[in-house]
Amino acid sequence: MPTVSLAEISPAIALGPLDGRYRKDTADLVDHLSEAALNRNRITVEIEWFIHLAQNSVIEGVRTLTPDEVDGLRAFAADFDADTIATLAAHEAVTVHDVKAVEYTIKEALVKIGAEDLGELVHFCCTSEDINNLSWALGIKGATEQVWLPRAKALIDALAESAAELAEVPMLAHTHGQPATPTTMGKELAVFVHRLRRQYERIAATEFLGKINGATGTYSAHLAAVPGADWPQIARTFVEDRLGLSFNSLTTQIESHDWNAELFADVARFNRIAHNLATDMWTYISMNYFKQIPVAGATGSSTMPHKVNPIRFENAEANLELSCALLDSLGSTLVTSRMQRDLTDSTSQRNIGVAYGHSVLALNNLVKGLGALAINEDALAADLDGNWEVLGEAIQSVMRAAGLQGVPGMDNPYETLKELTRGKRINQADLQTFVDGLGLPEERAELLKALTPATYTGVAAQLAESEVSDWKAFSEG
């Protein structure tokens, strides 16, 4: 049995992999979605509400702040550090209430800048959720715009670069796992650029909502304290102008979290498309369509030295699944609150960072995985050359068109080609002999006889190039 408890080792050992093994991939999220970031945002919201009320003389007879006091308060919020965290923890140990601990900490800061006479203006007419919803909105906004979206863009950029490079590289397609009409590798990667871009645009356009309207969303305390003020307008200008959020004008005690659910559904959908990318790339690697570039000194298998495992794509698969599970749970939980308020959201929201963390980790791995691949054109060419039957689609389509134009002998083209190709392996000579016997006009017959699986790719290359061009124009504009 172990003689040392790992829980007692200092510095503390992380329980979860995002704060342990994968810390370097997810550390940027700490500034936005950690408990410390939540408290930093709470202090910012409380201080900005305090300044908003004082500087707009909302309460008659209450003095305005001096410029030095304003600067001092904002500096206190900006300089949030380990000492502030310790102060908050000490207050919360007594209050057993995290937002009340923030209020007391700010009142201590007021004393230090000589503004303690305005202490009761801190948290004025606020319920805890007034502060919490705005703080979470700021944290989610920052995490989305400054961390998640850049990682998502890096993935689409990497895909677009590969799609451009491989736009004209022909590849045997597979539908239902069976050989199908050829395409190009670049076009197939461009499909993912197109799919991910649509979700990226939705997420980039997210509206981050907030409210500050009291215990049940009625401004009751506000009007009781200052009857003559236009509190809904005061609240709106605070949320929109000072915090840069969108104002939710009608709520219960809580901001309804509907926008959270909308955002998380979009991120989860992006994740699922990225998951499809991971499984496709894994499959292409297993088919030898891509070679993996070995990393010097790295081990693929502890017993099979020849192996280079597609670990980046497998890691991405698993982490995208974990992220989606959490995002789905958050989306369904947060939109429900009993009557005017329950606290199920309080503990749920503390896992937003975990959901984002698994997604960010996966996106990083996909980018690294894509960067460690080299196309194997020999394998692609061999697969194409071994499946001439895929040209049956082209031949029967030409026969259909010819028949519609009055060329005799073109009856039942699909059935004719099915008899020739279904479940059989045929070669170039077989197809050319078959075409010669169809009675097609010479020009069309020669076109078909010149066709190969490698050249039967339609406008795949142009489609890939067009999508890459559209993405670059969007992302750079």
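Procedures and definitions
Residues numbered from 1 in each chain as written. Predicted model: local features only at pLDDT ≥ 70, side-chain atom pairs only at ≥ 80, totals over all residues. Heavy atoms only, no water. Helix = DSSP H or I, 4+ residues; strand = E, 2+ residues; numbered from the N terminus. Buried < 20%, exposed > 50% of the residue type's maximum accessible area, 1.4 Å probe, protein only. Domains from an automatic or database assignment. UniProt positions renumbered as here; feature names shortened; annotations may be inferred. Pairing = 2+ DSSP bridges. Salt bridge = Lys/Arg side-chain N within 4 Å of Asp/Glu carboxyl O.

**Considering unusual backbone geometry**
1) Next: Between Ser 10 and the following residue, Pro 11, the backbone shows a cis peptide bond with an omega angle of 0°.
2) Next: A positive phi is found at His 123, a non-glycine position, where the angle reads about 65°.
3) Next: Checked against the element boundaries, His 123 lands in the loop between helix H6 (98–112) and helix H7 (128–165).
4) Next: Owing to a relative accessible area of 14%, His 123 belongs among the buried residues under this scheme.

**A word on the domain arrangement of the protein chain**
1) Next: Taken as a whole, the protein chain is organised into domain 1 (26–126), domain 2 (128–294 + 303–375) and domain 3 (386–453).
2) Next: Here the C-alpha centre of domain 3 lies 77 Å away from the C-alpha centre of domain 1.

**Thoughts on the UniProt feature "domain: Adenylosuccinate lyase PurB C-terminal" (unreviewed entry) in the protein chain**
1) Next: Per the UniProt record, "domain: Adenylosuccinate lyase PurB C-terminal" (unreviewed entry) is annotated on residues 337–457.
2) Next: The annotated region residues 337–457 carries 62% helix and 2% strand content, and the separation between its end C-alpha atoms amounts to 54 Å.

**Some points on the pairing of strand S2 (residues 178–184)**
1) Next: Where strand S1 (residues 170–175) meets S2, 5 bridges bridge the pair, whose relative direction is antiparallel. Looking across to S2, one finds that His 174 is bridged to Pro 179.
2) Next: Between the end of S1 and the start of S2, which pair antiparallel, lie 2 residues, with His 176 showing a positive phi angle near 60°.

**Description of the pattern of salt bridges**
1) Next: Tallying each qualifying case throughout the model produces 28 salt bridges.
2) Next: Glu 48 is the partner of Arg 242 in a salt bridge, and the nearest nitrogen-oxygen pair spans 3.4 Å. Pair noted here: Arg 242 is in helix H10 (residues 231–242) and Glu 48 is in helix H3 (residues 35–55), with a separation of 194 residues, a long-range link.
3) Next: A residue is classified by how much of its surface remains accessible, and Arg 242, at 27% relative accessible area, is partly exposed.
4) Next: Salt-bridge contacts for Asp 98 lead to Arg 350; the nearest nitrogen and oxygen are separated by 3.1 Å. Taken together, the residues span a long stretch of sequence, with Asp 98 in helix H6 and Arg 350 in the loop between helix H13 (344–349) and helix H14 (352–371) at a distance of 252 residues.
5) Next: With relative accessibility at 29%, the residue Arg 350 sits in the partly exposed group.

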